[in-house]
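Fold and geometry: a report
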Amino acid sequence: VLFWIVFAFGVLALAFFALAVASITYTYCDKDAENRASFSSYKHIFDFGGENSLGRENFVKFLYSFESARCWNGDGFTFLKIQCKPEALARISNASENPSSTWYRGDELNDMQKKAAEFAFTIYSNPNISAPQFDKNHLFYFAHIRFYHSTLYIFDSTVLMYDTQNHILYFGNSDT
């Protein structure tokens with residue numbers, strides 16, 4: 001009986017030690033990452049929407065990427081600025097005409113969707129991040145506008161936005 005008590009205590013102590021090491025490692029090794037995004041990590045963005053997707057073949061390069069350090073619960077901020085081929089615009093504009101499309105013209109968004117888009121790109125103040133400016137004379141297409149809110153504020157938002165003039169795809173994900 002004494003053997004099993006000592007054995008159980010040893011297993012619990014080992015588990016606690018492993019948890020403490022993992023916690024310390026996660027805390028000190030998870031740092032903000034600038035310009036380290038890879039296509040393989042974010043290729044799912046180009047597949048979003050099925051037949052209405054941008055298509056992986058329209059990826060050119062990352063112009064800027066920022067991934068903040070994550071909390072244990074996953075809270076953080078991700079911002080991607082991706083150069084796309086002009087052919088992506090044709091796919092998006094054709095898709096937006098379809099009522100079941102996943103792409104929406106920026107001038108047709110409701111107030112809550114606009115607030116969610118602004119939240120996704122402006123929650124983290126970093127002088128290096130040139131978040132898109134919402135201009136009434138500048139056409140944007142939006143997709144994957146997902147947000148959670150309380151009656152007072154938005155606290156989680158993921159937005160995929162395409163700038164038609166510059167052929168830039170913006171991805172903003174804010175979890176707070």
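Note: the structure precedes this text.
Described below are features of the structure shown in this document. (Residues numbered from 1 in each chain as written. Predicted model: local features only at pLDDT ≥ 70, side-chain atom pairs only at ≥ 80, totals over all residues. Heavy atoms only, no water.)

Remarks on the overall build of the protein
What counts, and what does not: Comment: elements are numbered from the N terminus, with helices defined as DSSP H or I runs of at least four residues and strands as E runs of at least two. Note on classification: 1.4 Å probe, protein chains only; a residue is buried when its accessible area is under 20% of the maximum for its type, exposed when over 50%, partly exposed between these limits. Note on areas: Shrake-Rupley with a 1.4 Å probe; residue coverage comes only from the protein chains shown.
Scanning the protein from N- to C-terminus turns up five helices and seven strands. Ordered by position from the N terminus, the helices and strands of the protein form the series α-β-α-α-β-β-α-β-α-β-β-β. A total of 176 residues make up the protein; the buried ones form 38% of that total. Carbon and sulfur atoms make up 59% of the accessible area of the protein, which totals about 10,600 Å².

Digging into the pattern of salt bridges
To keep it simple, the criterion reads: Salt bridge criterion: a side-chain nitrogen from Lys or Arg within 4 Å of a carboxyl oxygen from Asp or Glu.
This model, assessed by the stated rule, comprises four salt bridges. Here D47 and R56 are joined by a salt bridge, their closest N and O atoms 2.5 Å apart. Here E108 ties to R105 by a salt bridge, and the two come within 3.8 Å at their closest N and O atoms. Counted as one network, the salt bridges with shared partners bring together R105, D107 and E108.

A short note on unusual backbone geometry
Its identity as a non-glycine residue notwithstanding, N35 has a phi of 55°, on the positive side. Positionally, N35 belongs in the loop between β1 (33–34) and α2 (39–42). Positioned with a positive phi, H167 is a non-glycine residue whose angle comes to about 55°. When you line up the elements, H167 lands in the loop between β6 (154–163) and β7 (168–175). Owing to a relative accessible area of 18%, H167 belongs among the buried residues under this scheme.

Some details on the pairing of strand β2 (residues 59–67)
Side-chain direction in a regular strand flips from residue to residue, so the side chains alternate between the two faces of the sheet. As a reminder, the rule being used: The criterion for strand pairing is that DSSP finds at least two bridges linking the strands in question.
One ladder, built from two bridges, connects β1 with β2; its direction is antiparallel. For A33, the partnering residue across the bridge sits in β2 and is E67. Bridge count between β2 and strand β3 (residues 76–84): seven bridges; the pairing is antiparallel. Counted as the bridge partner of F59 is C84 from β3.

What to know about the nonpolar core
We apply this condition: Only buried residues count toward a nonpolar core, which is a set of Ala, Val, Leu, Ile, Met, Phe, Trp, Tyr and Cys residues joined through side-chain atoms within 4.5 Å. Two residues form a contact once any of their heavy atoms are found within 4.5 Å.
Of all hydrophobic cores here, the largest spans 18 residues; its most connected members are I45, F46, L54, W103, Y162 and L169. Looking at this core, the elements with two or more residues in it are α3 (44–47), β3, α4 (87–96), β5 (140–149), β6 and β7. Counting residues per element, this core draws most heavily on β3, which supplies three residues. Dropping the residues within four chain positions of it, F46 is found in contact with F39, S53, L54, G55, R56, F59, I82, C84 and L169. Within the second largest apolar cluster, 14 residues are counted, among which are F77, L109, F121 and F140.

Focus: the packing of aromatic side chains
In plain terms, the rule: Side-chain rings of Phe, Tyr and Trp (the six-membered ring for Trp) are treated as a pair once their centres are within 6.5 Å; stacked means planes under 30 degrees apart, edge-to-face means over 60, and tilted covers the remaining angles.
With the rule as written, the count across this model stands at eleven aromatic pairs. Between F3 and F7, the aromatic rings sit 6.1 Å apart at their centres with planes inclined by 20°, giving stacked as the arrangement. Taken as a pair, F3 and F7 lie in helix α1 (residues 2–29) at a separation of four residues, close to a single helical turn. For F3, a relative accessible area of 54% translates into the label exposed. On the basis of relative accessibility, which here comes to 44%, the residue F7 falls in the partly exposed class. Ring geometry for F39 and F46: centres 5.8 Å apart, planes at 50°, overall tilted. What links up through ring pairs into an aromatic cluster is the set F39, F46, F59 and F62.

Topic: the environment of T158
Summarising the element assignment, T158 is placed in strand β6. Between the C-alpha atom of T158 and that of S174, which follows or precedes it by 16 residues, the distance is 6.4 Å.

Regarding the environment of Q83
Structurally, Q83 can be placed in strand β3. Apart from the residues within four sequence positions on either side, Q83 is in contact with N58, F59, V60, K61, L63, N166, H167 and I168.

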